[in-house]
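Each chain is listed here by its residues.
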Amino acid sequence: MLQKLKRIAIIAALTLIAGLAIWFWFFSPVGVSIRRSDDIATTKTYVTAMRDIGQWEFLAINDEELVDTVDKGFFSNRELIRIYYGTLRLGIDFSQCDESWISVDGDSITLDLPQVKLLDENFIDEARTVAFFEIGSWTNKDRQALTMKAHRMMKDRCLTQKNLDLAQQVAEEQVMQFLRLIHKQQQDE
């Protein structure tokens, strides 16, 4: 129960940070450096705690694919058409960052953010998959092959350089906003 409450608190905090990041987008200069002359160790503790968050999603892409296969037989043909739904989530898995991703030098913190990536390869929602058209009998192996085809199609459509660049930009902005909030919190203390 305590773990659930912690997760809910983390999700609520990240949602707040995301909202603030969007609001601050137009009112803050672009940069990756925050300087403060006192108590930088506390900030490092906060930033290091980001690694404990695990995955931080910066872009979710919903996709729908119509996938078909035809097996031409001697006496009859088999045809299977299914509609697949999936959500590809791009972000950073902070739990995979090593100790060198953050460094402190005097009153400055430097973050070396990893590139955003697909957070979960299991993005197809099997519960929402619909058999649109089906003639003949199909095995589970046939259906699995169609699912793998849908998986490839979704990745090809959604994991474009444009989407990866956008997710990376959002990541940098949200992490900066997170650091600004920490900085402001320390100034208020």
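Attention in this report is confined to the structure presented alongside it. Because the structure is predicted, anything quoted here is derived from the model rather than measured. (Residues numbered from 1 in each chain as written. Predicted model: local features only at pLDDT ≥ 70, side-chain atom pairs only at ≥ 80, totals over all residues. Heavy atoms only, no water.)

Quick word on the overall build of the chain
And step 1. Across its full length, the chain carries four helices and six strands.
And step 2. Shown N-terminal to C-terminal, the secondary structure of the chain runs as helices and strands in the order α-α-β-β-β-β-β-β-α-α.
And step 3. Burial status across the chain gives 35% buried among its 189 residues.
And step 4. Residue pairs in contact within the chain that sit at least 24 positions apart in sequence constitute 83% of those at least 6 positions apart.
And step 5. Per element, the accessible surface of the chain, about 12200 Å² overall, is 55% carbon and sulfur. (Helix = DSSP H or I, 4+ residues; strand = E, 2+ residues; numbered from the N terminus. Buried < 20%, exposed > 50% of the residue type's maximum accessible area, 1.4 Å probe, protein only. Contact = heavy atoms within 4.5 Å. Areas by Shrake-Rupley, 256 points an atom, 1.4 Å probe, with all protein chains shown as cover.)

Focus on the side chain of Asp 93
And step 1. Assignment of secondary structure puts Asp 93 in strand β2 (residues 77-93).
And step 2. It is Lys 117 that comes nearest to the buried, bridge-free Asp 93 among opposite-charge side chains, at 5.0 Å.
And step 3. A polar contact is formed between the side chain of Asp 93 and the side chain of Ser 95, at a distance of 2.5 Å. (Lys, Arg positive; Asp, Glu negative; His and termini not counted. Salt bridge = Lys/Arg side-chain N within 4 Å of Asp/Glu carboxyl O. Polar contact = N/O pair within 3.5 Å; in protein donor to acceptor, adjacent residues only side chain to side chain.)

A word on a nonpolar patch on the surface
And step 1. Residues Leu 66, Phe 132, Phe 133 and Ile 135 make up a contiguous nonpolar surface patch of about 400 Å² in total accessible area.
And step 2. Within the secondary structure, Phe 132 sits in strand β6 (residues 130-135). (Patch = residues over 30% accessible without salt bridge, like charges linked within 9 Å, V, L, I, M, F, W, Y side chains within 5 Å.)

Digging into the packing of aromatic side chains
And step 1. As enumerated under the stated definition, the model contains three aromatic pairs in all.
And step 2. Ring geometry for Trp 56 and Phe 94: centres 5.9 Å apart, planes at 45°, overall tilted. You can see Trp 56 sitting in strand β1 (residues 55-72) and its partner Phe 94 sitting in the loop between β2 and β3 (102-105), a full 38 residues away along the chain.
And step 3. Judged by centre distance (6.2 Å) and plane angle (80°), the rings of Trp 56 and Phe 178 are edge-to-face. Taken as a pair, Trp 56 in strand β1 and Phe 178 in helix α4 (residues 161-188) lie far apart in primary sequence, 122 residues in all. Judged on exposure class, the residue Trp 56 and its partner Phe 178 are both buried.
And step 4. Connected via pairs of aromatic rings, a cluster forms that spans Trp 56, Phe 58, Phe 94 and Phe 178.
And step 5. The side chain of Arg 128 reaches across the aromatic face of Tyr 85, ending 4.2 Å from its centre. (Phe/Tyr/Trp six-rings, centres within 6.5 Å; stacked < 30°, edge-to-face > 60°. Lys NZ or Arg CZ within 6 Å of the ring centre and 35° of its normal.)

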